[in-house]
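Each chain is listed here by its residues.
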Amino acid sequence: MEISSDKDYIYTSSELDYQEGQLIEEVKASSRESIQDPDAWLDEELKRNILLTSVDWVLDWARRSSLWTAICFPACCAFEFIAAEGPRFDMSRFGMEILRASPRQADLMITAGTLTWKMAPNVRRIYNQMPDPKWVIAMGACGISGGIFRSSYNVVPGYNKIVPVDVYVPGCPPRPEALIYAVQMLQKKIAKAKVVPDLSELPNPLRKGKK
Amino acid sequence: MTTTRELTLKTEPFVLNIGPVHPSTHGVYRMRCTLDGEVVVDIEPVFGYLHRGIEKLAEERTYTGFIPLTDRLDYISPMSNNLGYCMAVEKLAGIKVPERAEYIRVIMAELQRLANHCIAVGSMLNDAGAYFTPFMYTFRERERIVDLFDMVCGQRLTYNYMRIGGVSQDIPGEFLPALHKLVDRLTIFIEEYENLLKLNEILLARAKGVGILEKDTAINCGISGPVARASGIKWDIRRNDPYSIYDRFEFDIPTCENGDCYDRYRVRIEEMRQSLRILQQAMKQVPKGPVKADVPHLIRPPAGEAYAHIEAPKGELGYYIVSDNSIAPYRCHIRPTSLINLAALRQMVKGWKVADLIIIFGSIDITMGEVDR
Amino acid sequence: MTVAISAKEIISQLNTKFPGAIEEAGADSVLVKSDSLLAVAEYLKTAEGFKFEYLNYITAVDYYSYFEVVYQITSLESNRSVVLKARSYTRDNPTVPSVTGLWQGADFQEREIYDLMGITFEGHPNLKRIFLWDGFPGYPLRKDFNQ
Ligand code: SF4
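Reading the values: the criteria
- Residues numbered from 1 in each chain as written.
- Chains lettered and ligands numbered in written order.
- Predicted model: local features only at pLDDT ≥ 70, side-chain atom pairs only at ≥ 80, totals over all residues.
- Heavy atoms only, no water.
- Helix = DSSP H or I, 4+ residues; strand = E, 2+ residues; numbered from the N terminus.
- Buried < 20%, exposed > 50% of the residue type's maximum accessible area, 1.4 Å probe, protein only.
- Pairing = 2+ DSSP bridges.
- Axes fitted to C-alpha atoms, helices over the stretch in contact; angles between N-to-C directions.
- Contact = heavy atoms within 4.5 Å.
- Parallel < 35°, antiparallel > 145°, perpendicular 65-115°, else oblique.
- Nonpolar A, V, L, I, M, F, W, Y, C, P; charged D, E, K, R; others polar.
- Right-handed = clockwise from strand over helix to strand, strands pointing away.
- Buried area = accessible area lost by both parts, 1.4 Å probe.
- Salt bridge = Lys/Arg side-chain N within 4 Å of Asp/Glu carboxyl O.
- Polar contact = N/O pair within 3.5 Å; in protein donor to acceptor, adjacent residues only side chain to side chain.
- Near = heavy atom within 4 Å.
- Disulfide = S-S within 2.5 Å.

Draft legend 1. Just the environment of G20 of chain C, in detail. Residue and element names in this part refer to chain C. Tracing the backbone shows G20 in the loop between α1 (7-17) and β2 (22-25). A relative accessible area of 49% means that G20 is categorised as partly exposed. Between the alpha carbons of G20 and V61 there is a distance of 24 Å; along the sequence they are 41 residues apart.

Draft legend 2. Examining the sheet that holds strand β7 (residues 315-323) of chain B more closely. Residue and element names in this part refer to chain B. The three strands lie next to each other as β6-β7-β8, forming an open sheet whose pairing is antiparallel. Edge positions in the sheet fall to β6 (304-312) and β8 (331-335), since each of these pairs with one other strand and no more. Adjacent strand axes in the sheet meet at a mean angle of 10 degrees, parallel and antiparallel pairs treated alike. Where β6 and β7 come together, nine bridges link them in antiparallel fashion. Among the inter-strand pairings, Y307 is bridged to a residue of β7, identified as Y320. Packed onto the sheet, helix α3 (residues 78-93) meets β6 and β7 and runs at close to 150 degrees relative to β6.

Draft legend 3. A look at the packing of helix α1 (residues 13-30) of chain A against helix α4 (residues 120-129) of chain A. Residues and elements named next belong to chain A. Across the interface, α1 lies against α4 with an axial gap of 9 Å and an inter-helix angle of 80 degrees. Put simply, α1 runs roughly perpendicular to α4. Across the interface between the two elements, L23, I24, V27 and S30 of α1 pack against A120, P121, R124 and R125 of α4. The class makeup of the residues in the contact of α1 with α4 is five nonpolar, one polar and two charged.

Draft legend 4. Structural view of the pairing of strand β2 (residues 96-100) of chain A. All names here are of chain A. Two elements, strand β1 (residues 67-70) and β2, share three bridges in a ladder whose sense is parallel. Looking at β2, one finds that A70 is bridged to R100. Between the parallel pair β1 and β2, the chain is carried across by helix α3 (residues 77-85), and the sense of this crossover is right-handed.

Draft legend 5. Local environment of the interface of chain B and chain A. On the chain A side, the residues contacting the 44 residues of chain B number 38 residues. Summing both partners gives a buried area of about 3,500 Å² for chain B against chain A, and 63% of it is carried by carbon and sulfur. When the buried surface of chain B facing chain A is broken down by residue, Y49, R52 and R156 of chain B rank first, second and third, together holding 18% of it. Where chain B packs against chain A, one counts five salt bridges. A salt bridge links D147 of chain B to R88 of chain A; the shortest N-O distance between them is 3.0 Å. Where chain B touches chain A, the interface holds 15 residue pairs in polar contact (both at pLDDT 80 or more). Elements with a minimum of two residues in the side of chain B that touches chain A: β2 (30-36), β3 (39-46), α1 (54-58), α2 (67-71) and α5 (133-153) of chain B. In the side of chain B that touches chain A, the residues fall into 21 nonpolar, seven polar and 16 charged.

Draft legend 6. Broad picture of the site of the ligand. Near the ligand the following residues occur: C76, C77, G113, T114, G140, A141, C142, F149, G171, C172 and P173 of chain A together with R72 of chain B. In this structure, the ligand is bordered by residues of chains A and B. Take the shell around the ligand: its biggest share by element is three residues, from helix α5 (residues 140-145) of chain A. Here the residues of the shell around the ligand sort into seven nonpolar, four polar and one charged.

Draft legend 7. Representation of the pattern of salt bridges in the model. Per the stated rule, a full pass over the model turns up 43 salt bridges over all chains. A salt bridge links E90 of chain B to R105 of chain B; the shortest N-O distance between them is 2.8 Å. Taken together, the positions of E90 of chain B in helix α3 and R105 of chain B in helix α4 (residues 99-127) put the pair 15 residues apart, joining distant regions of the chain. Considered together, E90 of chain B and R105 of chain B belong to a single accessibility category, that of buried residues. The partner of D62 of chain C in a salt bridge is R91 of chain C, with the nearest N and O atoms 3.0 Å apart. Here the residue D62 of chain C occupies a position in strand β4 (residues 54-62), and R91 of chain C occupies one in the loop between β6 (80-88) and β7 (95-97), the gap between them amounting to 29 residues.

Draft legend 8. Just the sheet that holds β1 of chain A, in detail. Residue and element names in this part refer to chain A. Read from one edge to the other, the open sheet built from five strands follows the order β2-β1-β3-β4-β5, with strand pairing classed as parallel. Two strands close off the open sheet at either side, each with one partner strand: β2 and β5 (167-169). Sheet twist, expressed as the average angle between the axes of neighbouring strands with direction ignored, equals 30 degrees. With respect to the sheet, α3 is in contact with β1, β2, β3 (108-112) and β4 (135-139), its orientation differing from that of β2 by roughly 125 degrees. Sheet strands touched by helix α6 (residues 176-191): β1, β2, β3, β4 and β5. Its angle to β4, the strand with the most contacts, is close to 155 degrees.

Draft legend 9. Local environment of the environment of G222 of chain B. Mapped onto the secondary structure, G222 of chain B falls in the loop between α8 (215-221) and α9 (226-230). With 14 residues separating them along the chain, G222 of chain B and D236 of chain B place their C-alpha atoms 13 Å apart. Not counting residues up to four positions away in its chain, the partners in contact with G222 of chain B are R335 and I340 of chain B together with Y54 and L55 of chain C.

Draft legend 10. Local environment of the interface of chain C and chain A. Contacts between chain C and chain A engage twelve residues on the former and 14 residues on the latter. Both sides of the chain C and chain A interface together cover about 990 Å² of buried area, and 54% of this is carbon and sulfur. On inspection of chain C and its partner chain A, the count reaches zero salt bridges. For the interface between chain C and chain A, the tally reads two residue pairs in polar contact (both at pLDDT 80 or more).

Draft legend 11. The arrangement of the state of the cysteines in detail. Counting across every chain of the model gives zero disulfides over all chains. Left without a disulfide partner, C118 of chain B is nearest to the cysteine sulfur of C153 of chain B, which lies 18 Å away.

All quantities given are derived from atomic positions and should not be read as evidence of function.
Here's what the structure looks like:
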């Protein structure tokens, strides 16, 4: 087989720009509504037996004690995040320290900074690339609502338009103590999570078509 | 170190995308690199992932109300941004700043330069592959500088400290003794740091002769700040167009000849020493008096335009403000140091390996908040 | 000290060299006709006695009836600077010649003005939007931009 020498399979940069623009418009059009907080289950009556609860506890303990963070540092808040990781505040005391360049190795996203519409598809892609279970901490006023830039033409009013957010940390920027507190809150939240599914909700292979 | 530009084996060029989320791009910078094997043939930078429309937002705020937004431009050195903006408005409205406020401003600006260079040097070495170890050292010292800022304005990153016609509040009584201690400490720290790194074999191999920026290219591209001075351009606005009270202090302008990454590193270290010299002179002379001129809350500068520039840690930072005699700027343009310093990146990286591209990029020291605005 | 050259000093020289190119001489700026901007800029950059080889910044202002592009250039040797201005009087497709051939640093700044203000720079090698994406409606820094 002969490979044709003209490289029409490589996109030119203007084509790439065009595609990117299309993607941004798509994301912008589909993100009018906020995504609901994914923690409605927290108030639910826990109906689990003792054995499963203990298994849950062990799994949750493992999950909450080593949170790995994906890099998502668009703007100023990143510096307070680095300060929280840095020599003085030393977040690793709380089982949360490792930064991962690849989202596929991470289970926590700390969104430190303003989100613009041009960046939004990338953030969603990072989030989608993270393996389950995954959590998001929205850091700073920009992460919560767009903050000081809310009225700008290019700023997404809050990360919860793009990804579901578990914990919000107010401040512009939040002090490192606040971020550490937020991580502890998240750990408490993870501790309550139900990992082992309720047996009655599982599909029963003996009775096809029904639960 | 030499580069092998003549390749024995020719490969098909291919495109590699770096960024916008990448640990070594200092924010959300993206480049499309065309590579030949591992050698960079061409790069095309893509900006705009942090474009927040600050220049447009300026038009719907009052003159004072815009100061918090300037903090968020170059968020590694907010004090310098504040200073540049306030100077532009003062020039426009013809406001005279009290003596004490000028001294406080100079002290803050120089502390900011120290803090910025701590980050710049640390993160450049971080990009060289020393994962986080030098960064921890420099960050430790930055925390001490930030403590002082925290003392005067209660914020750790976005200070919002300067005001049109002065500063927002006087420095507390314990500030100057603390500054004294810090200056002593930083003098020792810089020595310690230099000893660790100056003749470090790995740093020399990675940085010496890498990413050379010729003097003519630098001038043609409008490069300023430490990057320009590392290429041998003796140009410092503090000396060439003295603003505030910089003409009262003695300090040198360090320059180097080669214009490689190592020189950029050395110029920054040397600049930190000079900043300490300025601080030592300034803190002895701080006079008593008011810290803010008598300026109304809603300033209406006369119609006209003004451009004020300062030597920010990254280079020439300027504000071009047009007034139409209302309470908000008619147009506020910010001369983006980081964006203009990137103009020469393409020439600098051609022919180098991808790993060198990262350290060359790191040695320019940019902030995305300022590039995209 | 960077001395801003007052327009008067330059005007007489420019007038003899480029008759009719100067539209208006302000107190500290020279307003040049946009079709002769390139020639004037090149003269100021290369001629003996001027040597303005450093471009500080380019920006543009929307004054409703016209767009004004502002250039500040500096001579590093003699430590002097001058402000050049050029205007474009149409709103539909304002055009100004590009100075990227003279100063490479103008590249990104002209793209930025094109992106945010919608001024086309003739002769720019790679004129496309820099901060916003293809298909963004309107030019945000124009005064009549509506979100
Ligand atoms: S919340 Fe404040 S500090 Fe954080 S990214 Fe937004 S503007 Fe910057």
